[in-house]
Amino acid sequence: MRYLILSDIHANATALDAALEAAKGRWEKALCLGDVVGYGPDPNEVVDRIRELGAVTIRGNHDKAGSGLANADDFNPVARAVALWTREKLRPENREYLEKLPVGPMTVNGFSLVHGAFRDEDEYVFAPAQALDSLLDAPSPITFFGHTHLQGGFTLRDNKVGVLHFKPASDGSFTALPVEPETTYLFNPGSIGQPRDGDARAAFAISDLENGSVEFWRVPYDIESVQKRMSAAGLPEALIHRLSFGR
Ligand code: ZN
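Anyway, here's the lowdown on the structure attached to this text.

Scoring rules and cut-offs
Residues numbered from 1 in each chain as written. Predicted model: local features only at pLDDT ≥ 70, side-chain atom pairs only at ≥ 80, totals over all residues. Heavy atoms only, no water. Helix = DSSP H or I, 4+ residues; strand = E, 2+ residues; numbered from the N terminus. Buried < 20%, exposed > 50% of the residue type's maximum accessible area, 1.4 Å probe, protein only. Polar contact = N/O pair within 3.5 Å; in protein donor to acceptor, adjacent residues only side chain to side chain. Contact = heavy atoms within 4.5 Å. Phe/Tyr/Trp six-rings, centres within 6.5 Å; stacked < 30°, edge-to-face > 60°.

### Points about the side chain of Ser173
Here Ser173 is to be found in the loop between β8 (160-163) and β9 (174-178). Given the relative accessible area of 19%, Ser173 is considered buried. A distance of 2.7 Å separates polar atoms of two side chains, one belonging to Ser173 and the other to Asp171. Excluding its chain neighbours within four sequence positions, the residues that come into contact with Ser173 are Phe216, Trp217 and Arg218.

Below you can see the structure in the form of C-alpha cells.
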C-alpha cells in the first residue's frame, strides 16, 4: 500500500492543494501527523479537505489549542493569537472533528505515527540525542513523526543514531530513500503549510514500504496568495513573513 503522509498543514489550503495535485494518482491512503490548523488563514478549508480525503489523522498541539481542547497558555504570543482566531473561525463541526482526533502514537499496517515523541506528543525531536529516546521506544522499525517542520529524520543501526541526509528534488518532485533491514527509522515528511528547514516549498512524503522506499517530496505553491489572505485576516506579520523563507 502506498501512503500519502502529510504533517503540519497549519491551515494553508494553497500549499495542501499543490501537494495533492503533485501526488495525484500516486497513493492509496492518506495519513496526517497532526497540526491540521494553527498559523494559517484557511482552517475550515483544510479541515474540510482532510475529512474529504478520509485521512487517518492524529492530533497535534495546534489542533488541541485551535479546537479549545487545550488552552494556548504554553504557546508564544503569536501562536496563541492565531489559536484564538482559529477557534473563532472554525465551524462547529470542524471544531468538533479536531477535538475528537485520536492521540498518537498510532500503529498503521506495521508502522507508527506520532506528532512529536512517543513519550510526549508535544515534545520536539530536533537532534540525534532527542531522537534516541523515540528510536528506542518505537514499537516498529518505521515511525513517521512531525512537529519540528523539518523534512528528514533519524536512524538507529548497530546502537548508533544517524541523521538522514538527502538532496531535495529541485523540480517539484521527490527524492526516494531506500529502507534498509536491521535499521530503525524516524521519518519526518516535513511541513505542508509552514516549512522551517530553509526550503519554502510544501513538504510531504509518500511511503511505499512494500517496495522498500520512502519518497520525500518538495512542491512549490503560490506563497503570495496565502500571505495576502493572512494580511486580510489580520494575522501576525512574523508568520506572514516567514513563509517566504521557509524558516
Ligand atoms: Zn506544527
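### Re the packing of aromatic side chains
This structure, assessed with the given rule, holds 10 aromatic pairs. Aromatic side chains Tyr3 and Phe111 sit 5.2 Å apart centroid to centroid with 75° between the ring planes, which places their arrangement in the edge-to-face category. Of this pair, Tyr3 sits in strand β1 (residues 3-6) while Phe111 sits in strand β5 (residues 111-114), and the two are 108 residues apart along the sequence. Of the two residues examined, Tyr3 and Phe111, each falls in the buried class. Aromatic side chains Tyr185 and Phe187 sit 4.9 Å apart centroid to centroid with 15° between the ring planes, which places their arrangement in the stacked category. Assessed through its relative accessible area of 3%, Tyr185 is described here as buried. Judged by relative accessible area, which is 0%, Phe187 ranks as buried. Members of the aromatic cluster, joined through ring pairs, are Tyr3, Phe111, Phe144, Phe166, Tyr185, Phe187 and Phe216.

All we've got here are geometric facts, nothing functional implied.
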